[in-house]
Amino acid sequence: LPIEIQPILLPELLDELIRQNDRILSAKEITVSSSGEPLIVLADPVRLKQILLILIDNAARNNHPGGWIKITTSSKAGKAEIEVSDNGDGIAPEHLSKIFDRFYKVTDKSTQDYHGSGLGLSIAQGLVQVQNGTIEVTSKVGEGTQVKFTLPLSKTGIS
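Cut-offs and rules
Residues numbered from 1 in each chain as written. Predicted model: local features only at pLDDT ≥ 70, side-chain atom pairs only at ≥ 80, totals over all residues. Heavy atoms only, no water. Helix = DSSP H or I, 4+ residues; strand = E, 2+ residues; numbered from the N terminus. Buried < 20%, exposed > 50% of the residue type's maximum accessible area, 1.4 Å probe, protein only. Contact = heavy atoms within 4.5 Å. Pairing = 2+ DSSP bridges. Core = buried A, V, L, I, M, F, W, Y, C linked by side-chain atoms within 4.5 Å.

Engineer: Describe the overall build of the chain, and please don't skip the residues or the numbers.
Structural biologist: If you tally the helices and strands in the chain, you get four helices and seven strands. Traced from its N-terminal end to its C-terminal end, the chain shows the element sequence β-α-β-β-α-β-β-α-α-β-β. Out of the 159 residues in the chain, the part that is buried amounts to 40%. Taking contacts inside the chain between residues at least 6 apart in sequence as the whole, the part at least 24 apart equals 71%.

Encoded structure:
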């Protein structure tokens, strides 16, 4: 898997992703917003978009009309922390330790609107790790889910 690490300005990338997904999420009556520090991370732009698209897609598929998805950024100990949170169905505690396993699905609901292979979070985890980051999930049933991942901060600006 070729990885091309470079400085990426997070606010620009997040704004682009939100614009690209606005029509789909609006049709589902889900709002998406981003806030936080205007950080520059060291990452592969294609792989970072892939991670965020997986997390946004999961949040949207497990949410309800009128729901929301929030993407927040902050810095801690030389790392960027990016959190994708939602107010959807949430994940029961007994599933949390398995959700990064390949092909693991919390629920086996397959409908016309819900397609899942159980690979998304496994792929996201691998892409985060190969870029020197970490990823974790917290969730409460009926309240929503928070996926937080870290990436190295750029010590220099974008050239």
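Engineer: Residues and numbers for the environment of leucine 39, please.
Structural biologist: As for its placement among the helices and strands, leucine 39 is situated in the loop between strand S2 (31-36) and strand S3 (40-43). Residues leucine 39 and lysine 79, spaced 40 residues apart in sequence, show a C-alpha to C-alpha distance of 9.8 Å. For leucine 39, the residues in contact, after removing those within four places along its chain, are Ile8, Leu9, Leu10, Pro11, Thr73, Ser74, Ser75, Ala80 and Leu153.

Engineer: Which residues make up the environment of proline 2, and what are the values?
Structural biologist: Tracing the backbone through its elements, the reader meets proline 2 in the segment before strand S1 (6-9). For proline 2, a relative accessible area of 62% gives the class exposed. With 45 residues separating them in the primary sequence, proline 2 and arginine 47 have C-alpha atoms 9.7 Å apart. Leave out the neighbours within four places in its chain, and proline 2 touches Asp44 and Arg47.

Engineer: Outline the pairing of strand S4 (residues 68-76), listing residues and values.
Structural biologist: Across six bridges, the pairing between S2 and S4 is parallel. Of the residues in S4, the one forming a bridge with glycine 36 is threonine 73. The pairing of S4 with strand S5 (residues 79-86) spans eight bridges and is antiparallel. Counterpart to serine 74 in the pairing with S5 is glutamate 81. The antiparallel hairpin formed by S4 and S5 contains two residues in its connecting segment, where alanine 77 sits at a positive phi of about 55 degrees.

Engineer: Help me get a handle on the nonpolar core, residues and values and all.
Structural biologist: Counting 36 residues, the largest nonpolar core has Val41, Leu48, Leu52, Ile69 and Phe149 as its most contacted members. Broken down by secondary-structure element, the contributors of at least two residues to this core are helix H1 (10-27), S3, helix H2 (45-61), S4, S5, helix H4 (120-130), strand S6 (135-140) and strand S7 (144-152). Not counting residues within four places of it along the chain, the set of residues in contact with leucine 52 comprises Leu13, Leu14, Leu17, Ile82, Val84 and Phe149.

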